[in-house]
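Chain and residue survey
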Amino acid sequence: MNKKNEHHKVIAHADSVALGINLRHLRAFSAVASAGSIAAAAEALFRVASAVTRSILDLEAALGRPLFDRRSRGVALNAYGELVLARALRIEREFEEARTQLAARGGIDSSADVHSLFTSILNGRRLAVIASLAEKRNMPAVAREFGITQPAISSALKDLESGLGVTLFNRNARGLTATPAGEIVAFYFKRVLSELRHIGPDIAASEGTLQGSVNVGALPLGRTQILPLAIASLLARHPGLHVTTVESPYDALAASLRSGDIDFILGALRSASEAKDLQQEPLFEDRISVIARAGHPLARAKRIDFRMLREASWTLSRHGSPSRELLERFFSDARQAPPLPAVETGDLAVLRGLLLESDMLTAISAHQLRYEIRDGSLVVLDFPLEETRREIGLTQRLGAFPSPGARALMDEIRKVVAGSPDFLVPKGRQ
């Protein structure tokens, strides 16, 4: 087996372990860790001691590691157990928050023991199936994705809906539509899945190996230089990692970050009101620049004024994007009418082609066209836009506990920024 196939086999195994973890076993594990003995945990869970023992043994078998040191007077967590407990407690908090939200907005009774229901009928795979139903809205597609039958999905969904006492999906001719309760359940199931997927990498990292998947929300500014350099450097040392970048508008990435679908976002930071439940870390300051092809008439101009810019042909990012708003605010503050673009695009490849093949101008961060500027095919015009500075950095979900791989990639991004003179470090971080 070659290294590439070996790598994908490791990733697939890690994901299958996460999806196969039985949440009932995980709850038994948490109870034993809290009580310090099988007997006390069994009493708290209203289960027989032999069933709790079997749950612990099955969980240890699934993870391939012992989680307790057995003693004459009970059991004590070992180092592996401590790692698993950290994730287990976070999962319990997610289920409790799901119960709160379902009671407030999903129509269930506030006294319902949702945690017991979830852990008794769902494993990681069923969590993923329900979450996928909310996303794909098509049962045949989900059945194909997970290699199971539609009746099996229908049965699992019926059990969950019966236990909760609410409908999670409305059926219609075009497929499924999640109800408010269904949206809540899918959101928190994704968060639980994220925690489950981190258990294996947590254990591997404690043994000196970084593995598992890292999902990065990549906004435009970081895609050209920072993220590629950081990923290449990290994977050269830790080939067991698998990195996926997700390129979407900020609002979509923030939603994915909140649900646990991605680990962090690299790009322009937002206002406190937009990121009230997110943790933002500024890494450097950036400003937009006016950029053109090397032979553009304005590249030879001794002085560029607002009239010359207004008369030029422009290609700009779409209305409402950060760089577009910064440019328009700059012109407004100068009491000048902003340029009207002939082309609006969020695709860097289209933008690059238009600049190279025409006399169009654009206004974005020079970092996004770094290589064309470095080789001389594009140039930054002598019309500084100092008032367009903004902070670029990392965004995580508030209270998140990233996987070892995600933490390592964020550290690598910090090193790339700190090691390059191209980035302006914000005041207070020098």
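Residues numbered from 1 in each chain as written. Predicted model: local features only at pLDDT ≥ 70, side-chain atom pairs only at ≥ 80, totals over all residues. Heavy atoms only, no water.

A word on empty space enclosed by the protein
For clarity, the cut-off: Put plainly, a pocket is an open set of points on a 1 Å grid over the protein atoms alone with protein on both sides within 12 Å along at least five of seven lines, a cavity is a set where a 1.4 Å probe fits but cannot get out, and a lining residue has an atom within 4 Å of a point. Grid points are joined across faces, edges and corners, and a volume is the space filled by probe spheres set on the points. Note on conventions: DSSP H or I runs of at least 4 residues are helices, E runs of at least 2 residues are strands, and numbering of each starts at the N terminus. Side-chain classes follow a simple rule in which Ala, Val, Leu, Ile, Met, Phe, Trp, Tyr, Cys and Pro form the nonpolar group, Asp, Glu, Lys and Arg form the charged group, and the remainder, Gly included, forms the polar group.
Using the criterion set out here, one finds 2 cavities of 30 Å³ or more in the structure. By volume, the largest cavity is sized at about 110 Å³. Along the wall of the largest cavity there are 13 residues; nearest its centre are S194, H198, D263, R397 and A400. Per-element accounting of the lining of the largest cavity gives the leading share, 3 residues, to helix α10 (residues 180-206). Looking at the lining of the largest cavity, its residues break down into 5 nonpolar, 4 polar and 4 charged.

Some details on the nonpolar core
Applied cut-off: For this analysis, a nonpolar core means a set of buried residues of the types Ala, Val, Leu, Ile, Met, Phe, Trp, Tyr and Cys, connected via side-chain atoms within 4.5 Å. Note on classification: 1.4 Å probe, protein chains only; a residue is buried when its accessible area is under 20% of the maximum for its type, exposed when over 50%, partly exposed between these limits.
In terms of nonpolar packing, the biggest core is built from 62 residues, with F29, F118, L160, L164 and L196 touching the most fellow members. Broken down by element, this core gets its largest block of residues, 11 residues, from α10. One finds V214, V216, L221 and V417 within the second-largest nonpolar core, a separate group that totals 27 residues.

Concerning helix α5 (residues 79-106)
The line we're drawing: An expected span of 1.5 Å times one less than the residue number is assigned to each helix. What qualifies as a polar contact is a pair of N or O atoms within 3.5 Å, subject to a donor-acceptor requirement within protein and to the restriction that residues adjacent in sequence count only when both atoms come from side chains.
When the terminal C-alpha atoms of α5 are compared, their 39 Å separation across 28 residues agrees well with the 40 Å that a helix rising 1.5 Å per residue should span. For α5, the capping residue at the N-terminal end is N78, with a side-chain oxygen 3.0 Å from the backbone nitrogen of Y80.

Concerning the packing of helix α8 (residues 139-146) against helix α9 (residues 150-164)
The criterion, for reference: Only the stretch in contact is used when fitting a helix axis, every axis being a line fitted to C-alpha atoms; angles between N-to-C directions are given from 0 to 180 degrees. We call two directions roughly parallel when the angle between them is under 35 degrees, roughly antiparallel when it is over 145, roughly perpendicular when it lies between 65 and 115, and oblique otherwise. Residue contacts are counted whenever heavy atoms from the two residues lie within 4.5 Å of one another.
The N-to-C vectors of α8 and α9 enclose an angle of 105 degrees; their axes lie 9 Å apart at closest approach. Here α8 is positioned roughly perpendicular relative to α9, judged by the angle of their axes. From α8, M139, P140, V142 and A143 reach across to α9, where they touch Q150, I153 and S154. Of the residues contributing to the contact of α8 with α9, the split by class is 5 nonpolar, 2 polar and no charged.

Focus on the sheet that holds strand β6 (residues 241-246)
The condition is simple: Two strands make a pair as long as DSSP finds a minimum of two bridges between them.
Within the open sheet, the 5 strands sit side by side as β6-β5-β7-β14-β8. Their pairing is mixed. The open sheet has two free edges, formed respectively by β6 and β8 (278-286), since each of these has just one partner strand. Sheet twist, expressed as the average angle between the axes of neighbouring strands with direction ignored, equals 20 degrees. Direction of pairing for strand β5 (residues 212-218) relative to strand β7 (residues 264-268): parallel, over a ladder of 3 bridges. Bridging across to β7, V216 finds its partner in F264.

A look at the pattern of salt bridges
Stated formally: Salt bridge, as used here, is a side-chain nitrogen of Lys or Arg placed within 4 Å of a carboxyl oxygen of Asp or Glu.
One pass over the full model with this rule turns up 26 salt bridges. Here E195 and R90 are joined by a salt bridge, their closest N and O atoms 2.9 Å apart. Placement of E195 in helix α10 and of R90 in helix α5 is noted, with a sequence separation of 105 residues between them. The class of R90 is buried, set by a relative accessible area of 12%.

Re the confidence of the model for the protein
In plain terms, the rule: What pLDDT reports is the predictor's confidence in each residue, on a scale of 0 through 100.
Residue-level pLDDT values for the protein average 90, and 94% of them are 70 or greater. In the predicted structure, residues 6-13 sits below a pLDDT of 50 and forms 11 contacts with residues beyond four places in sequence or in another chain.

Points about the side chain of S317
For S317, the location among the structural elements is in the loop between β10 (315-316) and α15 (322-333). A distance of 2.8 Å separates a polar atom in the side chain of S317 from a polar atom in the side chain of S323. Apart from residues lying up to four places away in sequence, S317 is in contact with S323, R324, E344 and T345.

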